[in-house]
Amino acid sequence: MRKDNTIWYEGSRYSVPLGTYDGTSKEVGVRVHESTLQIYDLDTGEIIAEHERSQRRGQLIQNTNHRRDRQKGIAAYLESVRRQFLDPDLASSYLKKIHRLHPRYTRDQLQLIQKTLDQASKEAADQALRYCLTNRLYRAVDFVDAVNHFSRSYEKTTPDMSNIKRVSGVDPTKWKVKPQIRDIEIYRRILGGG
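Each chain carries its own residue numbering, running from 1 in the direction its sequence is written. Whole-chain, interface and lining totals are the exception, using all residues; otherwise, since this is a predicted model, local features are given only for residues with pLDDT of at least 70 and side-chain atom pairs are given and counted only at 80 or more. For side-chain calculations, the full set of non-hydrogen atoms in the structure is used, while hydrogens and water are omitted.

Student: How would you sum up the overall build of the protein chain? Please name residues and give values.
Tutor: Within the protein chain, the regular secondary structure consists of 6 helices and 6 strands. Numbering goes from the N terminus for both helices and strands, where a helix is a DSSP run of H or I of at least four residues and a strand is a run of E of at least two. Overall, the protein chain shows an N-to-C arrangement of helices and strands of β-β-β-β-β-β-α-α-α-α-α-α. Each residue gets one of three labels from its accessible area relative to the maximum for its type: buried under 20%, exposed over 50%, partly exposed in between, using a 1.4 Å probe on protein chains only. For the protein chain, buried positions account for 31% of its 194 residues. Working rule for contacts: check all heavy atoms of both residues, and any pair within 4.5 Å makes them a contact. The long-range share in the protein chain, meaning contacts at least 24 apart out of those at least 6 apart in sequence, stands at 49%. All accessible-area figures derive from a Shrake-Rupley calculation using a 1.4 Å probe, and residue coverage is judged against the displayed protein chains alone. On the protein chain, roughly 13,900 Å² of surface is accessible, and the fraction owed to carbon and sulfur atoms is 49%.

This is the structure in structure tokens:
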């Protein structure tokens, strides 16, 4: 068993559920049939995974369910993702709506949101959350698109500080010089032509 929760068989990798690798040198058994491959626990005999055999070498054969973190319940996962937003209460209403609309795919939706939060700034994520709520966009891909948009606009508005040169060779007492304050009547006379 490899650390990435896969096994190596005849030049290809086959997945097992996330969390099967437990940090020890866990060994599993493989039963090979004509077109399928079964991976089982050597101690209990329980089937861990079953895959179609790959005819080509160098492939990753993976069941999408194997990427899901089964250690967390949905409620705990919702709470964990909610706490990563600047406004957790606002995030809670958004995430609950996603769960209500996509109950079968909630875990997948949360994983994508989690991955995005790990890579984006809190400010961009917060703007994306508000945008998605305002526009009733209750899918993780919509959230990701919004985060990417706000991340790009945030990068454009952040000034490039690399070209700014420090003041040197100037008397520091001149830094505190204040401009002369004139009476407004002087400006009125100038503008009035008088």
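Student: I'd like a rundown of the nonpolar core, residues and numbers included.
Tutor: In terms of nonpolar packing, the biggest core is built from 23 residues, with V81, F85, Y94, I113 and F143 touching the most fellow members. The set of elements that each furnish at least two residues to this core consists of α1 (74-82), α2 (88-101), α3 (106-119), α4 (122-134) and α5 (140-157). When residues of this core are assigned to their parent elements, the largest contribution, 6 residues, is made by α4. If sequence neighbours within four positions are ignored, V81 has contacts with L95, L110, I113, Q114 and L117. The next biggest cluster of nonpolar side chains, apart from the first, holds 9 residues, and it includes I7, V16, I39 and I48. Think of a nonpolar core as a cluster: buried Ala, Val, Leu, Ile, Met, Phe, Trp, Tyr and Cys residues, connected wherever their side-chain atoms sit within 4.5 Å.

Student: Describe in detail α3, supporting the description with residues and values.
Tutor: Between its terminal C-alpha atoms α3 stretches 20 Å, which fits the 20 Å expected from 14 residues at 1.5 Å a residue. Looking at α3, one finds that the buried residues are T106, R107, Q109, L110, I113, Q114, T116 and L117. Helix span, as expected, comes to 1.5 Å for every residue beyond the first.

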